[in-house]
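What the coordinates show
Below, each chain spelled out in residue letters.
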Number of protein chains: 2
Amino acid sequence: MAKKSPLPKLRERDKATLGKLTGLADAVAKSALAGREPKVEIPLRTKGNTTWDKKRGILRMGDATADRELFNLNQAKQFMQTMLHASTIKDLIEIGKTSSLRGVFYKAKHTVAGTKENTFDGQEESDPILEDLEVTLGALREELHIFAENRGTLVGNITIIDKGDEINARKQGSGGWGIPSIVEADVIQFGKCEAKFVLHVEKGTVWNRFNEDRFWEEHNCILTHGAGQPPRGVRRLLQRFNQELKLPIICLLDCDPWGHYIYSVIKQGSISLAFESSRLAIPEAKFLGIRAADFKDCKLPDAVKITLSENDIKRAKEIAAYPWFAEHKAWQKEIAALLDNGFKMEVEAMIAKGVSFVTEEYVPQRLKAKAWLD
Amino acid sequence: MAKKSPLPKLRERDKATLGKLTGLADAVAKSALAGREPKVEIPLRTKGNTTWDKKRGILRMGDATADRELFNLNQAKQFMQTMLHASTIKDLIEIGKTSSLRGVFYKAKHTVAGTKENTFDGQEESDPILEDLEVTLGALREELHIFAENRGTLVGNITIIDKGDEINARKQGSGGWGIPSIVEADVIQFGKCEAKFVLHVEKGTVWNRFNEDRFWEEHNCILTHGAGQPPRGVRRLLQRFNQELKLPIICLLDCDPWGHYIYSVIKQGSISLAFESSRLAIPEAKFLGIRAADFKDCKLPDAVKITLSENDIKRAKEIAAYPWFAEHKAWQKEIAALLDNGFKMEVEAMIAKGVSFVTEEYVPQRLKAKAWLD
């Protein structure tokens, strides 16, 4: 049989989270003993309970909550599910391990003794309960020891210390260092950093172009991508680069509503994760391109045009109406120019001007001229 | 303006590929000058032209070809597309750069002068032309300087040299080293390696579990995942580990037809890439689990069962009929046991027995007993 590891010493962050979990359980027990209905107050993660904090430049969750009661037929199952997951998380923290959303689902999934009722039927029931716990406890998912699939890669002029391992991001070859899902300061620390900014690109294939041309070396930066909409690990790491190392975060995304939305999430946060904006959003993030005007400015050929679909047009208008875009004149112009063009363009389209046009001319010129939206 | 890099010295591999490209162009030119119809012979990438090489234990492409002619109304466009891509690839090789499938598509996409006809309408037209060139030239996509999205991560007791950078895979923290798309020997070399085998797992979340528990350190191995069906870069790297370092490749995949298919592709190759089997397939690869019998053997709870869908049953029967499974008694039993169970199981299901059951008990016990299918 395999050896069992001894229980680890708890980190400060973990002690705090455990305290919150115990508080939750105590409150439930106390009201039950006092003859009151056991219940948990869950903050609402809805658009209606999301506010735009103009001063800080981020989305925030409002104060509205809903009760989840044990003695309510409609809520008893969710109440039980919430307690089950809270218990799994407590175990994970105590043994100093992390698990995936799917792992936590499997851990809690069983048939309730003496019945044919399952605690959870599918993971789609389980994930929202974990988000409920995040907001209720005011603890990030990472603090609950739950990780997502790792996604996104990094290379550049920085040394990163990850669980004690020194990762020299200047020496990661063509592969790069995989950005983990949990990047809090007790796991990931920053060593020597010469980089003056971060260039964040949308996709791995574009990242490859910049890495192959050693853009980060010539322009002294860190190069990241998030494989599309960046996962929480990437967003949190970018925010830490920005806040702790004071590095500007400069985004190179497609010229389409999806690219604009990715930028919006990086910069202001998202509605579904509004409760985490203060730890994920980067109000200073800049949008370097691709800009709608680039078609003419860069004399791109017609072949790079991709006609906007009905849905693209709808999304572009929705994004333009977001309060954080609505009051931003330059962004109103940008979205209007996209709609006026009637077509979108991908970063890869720049290859029409030469394999390395994007790394040797387009981005360096924009950087030099500080030609970005912010 | 940005500086232009001088043209690099060509590698041996690149000289060979350029020779093949020139040969193709010469043959076309020669037949045109001789008054014959310019044409290219393209080997067929169909199931009918795939044979099972029992002796070598890999799938192979047969000898059947189809002509692609310039003066054939149905083929003229594809002929032109083939030549366009051949030309882009020649350029890429000469400047020593690589590009993505999408990049090559954009490079070749334009409106034919004097017409309203596009060279390519979508990438779905472009990708098969690149595969045609691969088989016609007998050159891997990587040799044509075309990369795919990087996918998959590695950590473990090995040093890897990637474009001159020494990557100590023992010191990659929680993130791991991202496996690049192009891992040929002139880019990636192996340094010191203590590892005695490779454990390849299906998903990043499972990989996280094994990395967090530092399985690779305790069991002296390399730990990889391919984010589902592993991309070519991961398969090629695993094959190089197996052939050059003589490391067994041991796979931990879900107990379902998809897991079996992933194993089959790693081991014998796939029909669509049969022409590359000799550089991608690993006939010695082993399937450690999850096995259908594990439900009883590991005393797993009912909750881990996921009922097989109609489609799962169909796929399982198809896979059982593959010649390379059909003649394998243990695999016939395994697939019959899966169908008999009526349910599938994921690797994550092992969490029902404890967070680290899979890393501390399940896999170590199977390794010790050499309890795998091969």
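Remember, it's a predicted structure, so these values are computed and weren't measured experimentally.

With that settled, the discussion passes to the overall build of chain A. Per the secondary structure count, chain A includes 14 helices and 17 strands. For 374 residues, the compact-globule estimate of 2.2 N^0.38 gives 21 Å, and chain A sits close to it at 23 Å. Seen along its three principal axes, the alpha-carbon backbone of chain A occupies a region of about 75 × 50 × 40 Å. Relative to its 374 residues, chain A shows a buried fraction of 43%.

Taken as rigid bodies, chain A and chain B are interconverted by a rotation of 180° and an axial shift of 0.0 Å, the fit giving an RMSD of 0.0 Å. Read as a symmetry element, the transformation amounts to a two-fold axis. In this assembly the copies share their binding face: 100% of the residues contributing to the interface of chain A also contribute to that of chain B.

The interface is formed by 54 residues belonging to chain A together with 54 residues belonging to chain B. Taken together, the elements giving at least two residues each to the side of chain A that touches chain B come down to α2 (76-95), β5 (99-100), α3 (101-108), β9 (165-168), β10 (177-178), α5 (204-212) and α14 (357-368) of chain A. Residue composition of the side of chain A that touches chain B, by class: 20 nonpolar, 19 polar and 15 charged.

Residues and elements named next belong to chain A. One open sheet holds the three strands; their spatial order is β9-β8-β11, and the pairing between them is antiparallel. Each edge of the sheet is formed by a strand with only one pairing partner; in this case those strands are β9 and β11 (188-193). The sheet shows a mean angle of 25° between the axes of neighbouring strands, taken without regard to direction. Strand direction decides the pairing type here: strand β8 (residues 158-162) and β9, joined by four bridges, are antiparallel. Across the sheet, I161 pairs through a bridge with E166, a residue of β9.

Here we take up helix α4 (residues 123-137) of chain B. Since there are 3.6 residues in each turn of an α-helix, residues three or four apart along the chain are aligned in direction. Residues and elements named next belong to chain B. Over its 15 residues, α4 extends 21 Å from the first C-alpha to the last, a length consistent with the 21 Å expected when each residue adds 1.5 Å. Where α4 is concerned, the buried positions are S126, I129, L130, D132, L133 and E134. Elements in contact with the buried residues of α4: β1 (39-43), α2 (76-95), α3 (101-108) and β6 (146-147).

Turning to the sheet that holds strand β9 (residues 165-168) of chain B, a few remarks are in order. Residue and element names in this part refer to chain B. With antiparallel pairing, three strands are arranged side by side in an open sheet as β9-β8-β11. Two strands lie at the open edges of the sheet, namely β9 and β11 (188-193), each paired on one side alone. For this sheet, the mean angle separating the axes of adjacent strands, direction not counted, is 25°. The pairing of strand β8 (residues 158-162) with β11 spans four bridges and is classified as antiparallel. The residue bridging D162 from the neighbouring strand is I188, located in β11.

Of all hydrophobic cores here, the largest spans 172 residues; its most connected members are V198, I222 and C251 of chain A together with V198, I222 and C251 of chain B. With residues near it in sequence (within four places) discarded, C251 of chain B still touches H200, Y263, I266, A285, K286, F287 and L288 of chain B.

Turning to the packing of helix α1 (residues 12-33) of chain A against α2 of chain A, a few remarks are in order. All names here are of chain A. Two elements in contact, α1 and α2, have axes separated by 10 Å at closest approach and are oriented at 150°. For the element pair α1 / α2, the angle class is roughly antiparallel. Seen along the crossing, α1 lies across α2 with a hand that is left-handed. Residues D14, T17, L18, L21, L24 and A25 of α1 lie in contact with α2, whose contacting residues are A86, I89, K90 and I93. Residue composition of the contact of α1 with α2, grouped by class: seven nonpolar, one polar and two charged.

Moving on, we get to α3 of chain A. Of all eight residues that make up α3 of chain A, seven are buried, and the element is covered over most of its length. Along α3 of chain A, the positions that sit buried rather than exposed are R102, G103, V104, F105, Y106, K107 and A108 of chain A. Among the structural elements, α2, β5, α4 (123-137) and β6 (146-147) of chain A together with α5 (204-212) of chain B are those in contact with the buried residues of α3 of chain A.

So, about the environment of C298 of chain B. Residue and element names in this part refer to chain B. As for its placement among the helices and strands, C298 is situated in the loop between α10 (294-297) and β16 (306-307). Residues C298 and M350 lie 52 residues apart in sequence; the distance between their C-alpha atoms is 8.7 Å. Setting aside its immediate chain neighbours within four residues, C298 contacts K353 and Y362.

Bringing the domain arrangement of chain A into the picture now. All names here are of chain A. Domain annotation for chain A reports domain 1 (12-37 + 72-147) and domain 2 (150-252). Between domain 1 and domain 2, the C-alpha centre-to-centre distance is 33 Å. On the side of domain 2, four residues touch domain 1, which itself brings four residues to the contact. Looking at the side of domain 1 that touches domain 2 residue by residue, the class counts come to one nonpolar, one polar and two charged.

Attention now moves to unusual backbone geometry. A cis amide bond links G289 of chain A to the next residue, I290 of chain A, at an omega of 0°. Inspection of the secondary structure assignment puts I290 of chain A in the loop between β15 (286-289) and α10 (294-297). With phi around 50°, K163 of chain B is a residue other than glycine that occupies positive phi space. The residue K163 of chain B is located in the loop between β8 and β9 in this model. Unlike most non-glycine residues, R214 of chain B shows phi in positive territory, near 50°.

Turning to the packing of α2 of chain B against α4 of chain B, a few remarks are in order. Residue and element names in this part refer to chain B. In contact at an axis separation of 10 Å, α2 and α4 are set at 70° when each is read in the N-to-C sense. By the angle class used here, α2 and α4 are roughly perpendicular. Residues Q78, Q81, T82, H85 and A86 of α2 form the contact with α4, whose participating residues are I129, L130, D132 and L133. Among the residues making up the contact of α2 with α4, the classes are represented as four nonpolar, four polar and one charged.

Bringing the environment of V198 of chain B into the picture now. By the element assignment, V198 of chain B lies in strand β12 (residues 197-201). For the pair V198 of chain B and C251 of chain B, spaced 53 residues apart in sequence, the C-alpha separation works out to 8.3 Å.

Here we take up the confidence of the model for chain A. A residue-level look at chain A finds 98% of positions with pLDDT of 70 or above and a mean pLDDT of 92. The ipTM assigned to the predicted complex is 0.87, against a pTM of 0.90.

All right, on to the environment of G173 of chain B then. Here G173 of chain B shows up in the loop between β9 and β10 (177-178). On a C-alpha basis, the gap between G173 of chain B and N211 of chain B in space is 8.5 Å, while along the polypeptide they are 38 residues apart. Residues contacting G173 of chain B, with those up to four places away along its chain left out, are D162, K163, D165 and I167 of chain A.

Thresholds, definitions, all that
Residues numbered from 1 in each chain as written. Chains lettered and ligands numbered in written order. Predicted model: local features only at pLDDT ≥ 70, side-chain atom pairs only at ≥ 80, totals over all residues. Helix = DSSP H or I, 4+ residues; strand = E, 2+ residues; numbered from the N terminus. Rg over C-alpha atoms; globule rule 2.2 N^0.38 Å. Buried ≥ 20, exposed ≤ 12 C-beta atoms within 10 Å, placed from the backbone. Least-squares fit on C-alpha atoms with pLDDT ≥ 70 in both. Contact = placed C-beta atoms within 7 Å. Nonpolar A, V, L, I, M, F, W, Y, C, P; charged D, E, K, R; others polar. Pairing = 2+ DSSP bridges. Axes fitted to C-alpha atoms, helices over the stretch in contact; angles between N-to-C directions. Expected span 1.5 Å × (residues − 1). Core = buried A, V, L, I, M, F, W, Y, C linked by C-beta atoms within 7 Å. Parallel < 35°, antiparallel > 145°, perpendicular 65-115°, else oblique. Left-handed = near helix turned anticlockwise from the far one by under 90°. Domains from an automatic or database assignment. pLDDT = per-residue confidence, 0-100.

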